[in-house]
Amino acid sequence: MNYIGSKNKLIPFIMDNVQEVVGSNLSRLTFCDLFAGTGIVGRNFKTLVQKVISNDLEYYSYVLNRNYIGNHLPIPQESDLLKELNNILPLEGFIYKNYCSGDKTDRQYFSDLNGKKIDAIRVQIETWKNKGQIDESTYFFLLASLLESADKVANTASVYGAYLKKIKKSAQKEMVLLPANFQLNGNEHQVFNEDSNNLITHIEGDILYLDPPYNARQYGANYHLLNTIALYDDFTPKGKTGLREYTKSDYCSKVKVVEAFEELIEKSRFRYIFLSYNNEGLMPQKQIEGVMQKYGHYELASKGYQRFKADKTENRNHKFDSTTEYLHILEKKF
Ligand SMILES: C[S@@+](CC[C@H](N)C(=O)[O-])C[C@H]1O[C@@H](n2cnc3c(N)ncnc32)[C@H](O)[C@@H]1O
């Protein structure tokens, strides 16, 4: 999924730095991805470490990570389930009624057919779960598959803060439910859906990877429709874009971010801390350095980077610009 702040393209940079600092053999270590988003960082460490702890404030991200990180054994009858869901009869449900142009709203986040398919598939997954016909791992595998597949046919330029007036080409295609494949792995991992500063007091490990938002744009607002599909609860969508209530993160607030960040570093019980942040973030590099230096040995690595940029006017597959990504590294002294 194209995601604001995704580290997909920076994985080699992050892994090289982690292994240079911590050592190449990570097999007995616990790696925590505290602001996991799409889960791509944790996914790359999953087979290298003993345990991944993955967390994000947003429920859609929890669903993705509960699948990509939490799931580690094969899904029973995976292809039969996907086949049945792909052949399901469309249903005029919550998504169709509130986020497609065919019914009472002008909103056009999905074509009418795709909206109805999303509804039908979402309802069926919940029915299977309630009847005990699928286990928890399968439930999250199917939900993650639905989120990824729906995102591919969303009629947006980038994020879900706005929809396009005309249905664009990729959104005209009928949605196909594709499997959200995850790495099979012998180890158990842990996935949470909490505020970072709350969770940090309950966990410990070796490597803490931090990738908080770096500007004021709240993920809960930008990806509200993914939460709505994932939660599939009943609420009154607000305004032109059909926004739902969302949790605001301290990391998106100029006033609160430094205090939250320092609290996180202070409370964390991990020896190695790696923070990704870019040069346009709410916290300037020197301020981050000032905080981290207080708690141990600090170093900085940086890399020029072509970043995915959310934009309302262009096609979301083709928007990149240049920025500098920093990796702030702390070996914490206890
Ligand atoms: C820059 S993105 C992470 C991207 C991720 N590394 C990836 O490659 O997909 C920041 C993430 O932090 C999450 N987030 C924001 N505030 C948070 C908080 N207080 N606690 C936990 N997660 C938070 C957002 O939901 C978002 O997914």
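Treat the numbers as computed from the prediction; the structure is a model and nothing was measured.

Basis of the calculations
- Residues numbered from 1 in each chain as written.
- Predicted model: local features only at pLDDT ≥ 70, side-chain atom pairs only at ≥ 80, totals over all residues.
- Heavy atoms only, no water.
- Helix = DSSP H or I, 4+ residues; strand = E, 2+ residues; numbered from the N terminus.
- Buried < 20%, exposed > 50% of the residue type's maximum accessible area, 1.4 Å probe, protein only.
- Lys, Arg positive; Asp, Glu negative; His and termini not counted.
- Salt bridge = Lys/Arg side-chain N within 4 Å of Asp/Glu carboxyl O.
- Polar contact = N/O pair within 3.5 Å; in protein donor to acceptor, adjacent residues only side chain to side chain.
- Near = heavy atom within 4 Å.
- 1 Å grid on protein atoms, 1.4 Å probe; cavity = no way out; pocket = protein on both sides within 12 Å on 5 of 7 lines; lining within 4 Å.
- Sits in = over half its atoms within 2 Å of the grid points.
- Nonpolar A, V, L, I, M, F, W, Y, C, P; charged D, E, K, R; others polar.
- Axes fitted to C-alpha atoms, helices over the stretch in contact; angles between N-to-C directions.
- Parallel < 35°, antiparallel > 145°, perpendicular 65-115°, else oblique.
- Contact = heavy atoms within 4.5 Å.
- Pairing = 2+ DSSP bridges.
- Expected span 1.5 Å × (residues − 1).

Q: Could you clarify how one ought to interpret the side chain of Lys168 in this entry?
A: Within the secondary structure, Lys168 is located in the loop between α7 (136-152) and α8 (169-172). At 8.9 Å, Asp151 is the nearest oppositely charged side chain to Lys168, a buried residue that forms no salt bridge. Reaching out from Lys168, the side chain makes a polar contact with the backbone oxygen of Thr156 at a distance of 2.8 Å.

Q: Quick question: what am I supposed to make of the site of the ligand here?
A: The environment of the ligand is made up of 23 residues, and the closest members are Tyr3, Thr38, Asp56, Asp211 and Ser249. At a separation of 2.7 Å, an oxygen atom of the ligand approaches a polar backbone atom of Lys7. In this structure, the ligand is accommodated by the largest cavity. For the shell around the ligand, the per-class residue count stands at 10 nonpolar, seven polar and six charged.

Q: What's the story with the packing of helix α6 (residues 112-130) against α7 in this structure? I'm lost.
A: When two helices pack together, their arrangement is captured by the angle between the axes and the distance separating the axes. Contact geometry for α6 and α7: axes closest at 10 Å, N-to-C directions at 170°. Classified by the angle their axes make, α6 and α7 are roughly antiparallel. Where α6 abuts α7, its residues Ile118, Ile121, Arg122, Ile125, Glu126, Trp128 and Lys129 lie against Tyr139, Leu142, Leu143, Leu146 and Ala150. Tallied by class, the residues present in the contact of α6 with α7 amount to nine nonpolar, no polar and three charged.

Q: How should I be thinking about the pairing of strand β5 (residues 270-278) in this particular structure?
A: The element β5 is largely enclosed, with a buried count of eight among its nine residues. As defined by bridge partners, strand β4 (residues 205-210) adjoins β5 across five bridges and the pair is classed as parallel. Its bridge partner being in β5, Tyr209 is matched across the sheet by Phe274.

Q: Help me understand the environment of Asn55, please; the structure alone is not making it clear to me.
A: Mapped onto the elements, Asn55 comes out in strand β2 (residues 51-55). Take Asn55: its relative accessible area is 1%, and that puts it in the buried class. Ignoring anything within four residues of it in the chain, the contact list for Asn55 reads Asp33, Leu34, Phe35, Ala36, Phe192, Asn193, Glu194, Asp195, Ser196 and Leu199.

Q: Which parts of the structure should I look at to understand helix α1 (residues 11-22)?
A: Residues lying three or four places apart along an α-helix face the same way, a consequence of the helix completing one turn every 3.6 residues. The terminal C-alpha atoms of α1, which comprises 12 residues, lie 16 Å apart, in line with the 16 Å expected from a rise of 1.5 Å per residue. Along α1, the positions that sit buried rather than exposed are Ile11, Phe13, Ile14, Met15, Asn17, Val18 and Val22. Downstream of α1 by a residue or two, Gly23 has a phi angle that is positive, lying close to 115°.

Q: In this structure, what is going on with the pattern of salt bridges? I would like to understand it.
A: If the charged atoms of two oppositely charged side chains come close together, the side chains can form a pair. If you walk through the whole model with that rule in mind, you get 12 salt bridges. Note that Glu92 is salt-bridged to Lys116, the shortest N-O span being 3.8 Å. A residue pair is termed long-range when its members are at least 10 positions apart, and Glu92 in the loop between α4 (78-86) and α5 (94-99) and Lys116 in helix α6 qualify at 24 residues. The exposure class assigned to Glu92 is partly exposed, which follows from its relative accessible area of 46%. With its nearest N and O atoms 2.7 Å apart, the salt bridge here joins Arg244 to Asp233. Highlighted residues: Arg244 in the loop between α11 (224-231) and α12 (257-267) and Asp233 in the loop between α11 and α12, separated in sequence by 11 residues. Classification of Arg244 as buried rests on a relative accessible area of 12%.

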